[in-house]
Amino acid sequence: MDWYQTVFELIDLRSFSNLWYWIALAVLWSTSSHWILGVPFDLVQRASRYGGEAETDLNDLVRINVNRILYLMTSTGTGATGFIALVLAMLVTLGFFYSYEFAQATFFLVAPMSLIGALNVWTARKIRATEAAGAALYTLMWRHRRIVQGMGVVWIFVTGVWGMSRNMLVTGPF
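This is a predicted model, so every value here is computed, not measured.

Draft legend 1. Representation of the overall build of the chain within the structure. Scanning the chain from terminus to terminus reveals 6 helices and 2 strands. Ordered by position from the N terminus, the helices and strands of the chain form the series α-α-β-β-α-α-α-α. Over its C-alpha trace the chain gives a radius of gyration of 20 Å, far above what one expects of a compact globule, namely 16 Å for 174 residues. Expressed as a percentage of the 174 residues in the chain, the buried residues total 34%. Expressed as a percentage of contacts within the chain between residues at least 6 apart in sequence, the contacts between residues at least 24 apart total 71%. Per element, the accessible surface of the chain, about 10,600 Å² overall, is 69% carbon and sulfur.

Written out as structure tokens, the structure is:
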């Protein structure tokens, strides 16, 4: 086996049959369910259990990230939304109308992350509007994480079903 064949097997663009795609999918979802609004979830747990300095750190970190998210949305929100819509439309067109598997696989990574981005903005606005701190902040952060985890379960299932059907119908089982 020559070097080029080995490299192209490792970086295979048939994504749904590639182990690296599924590892990336798992890392993507575990990371997005751990970092809620840019705050590691273990800090939320520590602050809710012990309070004190951990609670102060959580409040400061959430305040910083909420300000950052809302500033980005007010300064580049329309442009970013348009760009994301353009990328998603391109991925849908290439992936599902032209049957380009790499675009399909990328769509199953990008589409849910755009929804999580919208959820981040919604939660940040809610935190800012209610000036949540303490128990109210813990509740919002827990709820946000549960929604992200629920979305992860649904999207991983949909991706798995689509990927298996793609592998079975298009490329064949063997």
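Draft legend 2. Examining a nonpolar patch on the surface more closely. Taken together, the side chains of M90, L94, F97, Y98, Y100 and F102 define a hydrophobic patch exposed on the protein surface, amounting to about 680 Å² of accessible area. Its place among the elements puts Y98 in the loop between α4 (52–97) and α5 (101–130).

Draft legend 3. Molecular detail of helix α2 (residues 19–34). The terminal C-alpha atoms of α2 lie 23 Å apart, and with 16 residues this matches the ideal 22 Å at 1.5 Å per residue to within 8%. Inspection of α2 places Y21, L25, W29, S32 and S33 among the buried residues, and these make up the whole buried set. The buried residues of α2 occupy one face: seen down the axis, they fall within an arc of 100°. Seen from the buried face of α2, the exposed residues on the opposite side, beyond 90 degrees, are L19 and W20. The N-terminus of α2 is capped by N18, whose side-chain oxygen sits 3.0 Å from the backbone nitrogen of W20.

Draft legend 4. Geometry of the nonpolar core. If you look at the biggest cluster of nonpolar residues, it comprises 21 residues, and the most contacted ones within it are V39, L58, V62, I127, L137 and M141. In terms of residues, this core owes the most to one element, α4, which gives 6 residues. Discounting residues that sit within four places of it in the chain, L137 has contacts with L58, N59, V62, I127 and A132. Counting residues in each nonpolar core, the second largest holds 16 residues, with Y21, A105, A111 and I116 among its members.

Draft legend 5. Region of interest: the pattern of salt bridges. The full count for this structure, using the stated rule, is 2 salt bridges. Here R46 and D42 are joined by a salt bridge, their closest N and O atoms 4.0 Å apart. Within this pair, R46 and its partner D42 are both found in helix α3 (residues 41–50), separated by 4 residues, close to a single helical turn. R46 gets classed as partly exposed once you look at its relative accessible area, which sits at 38%. With a relative accessible area of 37%, D42 lands in the partly exposed category. A salt bridge links E101 to R166, with the nearest nitrogen and oxygen atoms 3.4 Å apart. Here the residue E101 occupies a position in helix α5, and R166 occupies one in helix α6 (residues 135–171), the gap between them amounting to 65 residues.

Draft legend 6. Inspection of the packing of α3 against α4 at higher detail. Viewed as axis vectors pointing N to C, α3 and α4 meet at an angle of 135°, and their least axial separation amounts to 7 Å. Classified by the angle their axes make, α3 and α4 are oblique. Viewed along their axes, α3 and α4 form a crossing whose handedness is left-handed. Facing α3, whose interface residues are L43, V44, R46, A47 and Y50, α4 presents G52, A54, E55, D57, L58 and L61. Considered class by class, the residues forming the contact of α3 with α4 number 7 nonpolar, 1 polar and 3 charged.

What counts, and at which threshold
- Residues numbered from 1 in each chain as written.
- Predicted model: local features only at pLDDT ≥ 70, side-chain atom pairs only at ≥ 80, totals over all residues.
- Heavy atoms only, no water.
- Helix = DSSP H or I, 4+ residues; strand = E, 2+ residues; numbered from the N terminus.
- Rg over C-alpha atoms; globule rule 2.2 N^0.38 Å.
- Buried < 20%, exposed > 50% of the residue type's maximum accessible area, 1.4 Å probe, protein only.
- Contact = heavy atoms within 4.5 Å.
- Areas by Shrake-Rupley, 256 points an atom, 1.4 Å probe, with all protein chains shown as cover.
- Patch = residues over 30% accessible without salt bridge, like charges linked within 9 Å, V, L, I, M, F, W, Y side chains within 5 Å.
- Salt bridge = Lys/Arg side-chain N within 4 Å of Asp/Glu carboxyl O.
- Expected span 1.5 Å × (residues − 1).
- Arc of directions from axis to C-beta.
- Polar contact = N/O pair within 3.5 Å; in protein donor to acceptor, adjacent residues only side chain to side chain.
- Core = buried A, V, L, I, M, F, W, Y, C linked by side-chain atoms within 4.5 Å.
- Axes fitted to C-alpha atoms, helices over the stretch in contact; angles between N-to-C directions.
- Parallel < 35°, antiparallel > 145°, perpendicular 65-115°, else oblique.
- Left-handed = near helix turned anticlockwise from the far one by under 90°.
- Nonpolar A, V, L, I, M, F, W, Y, C, P; charged D, E, K, R; others polar.

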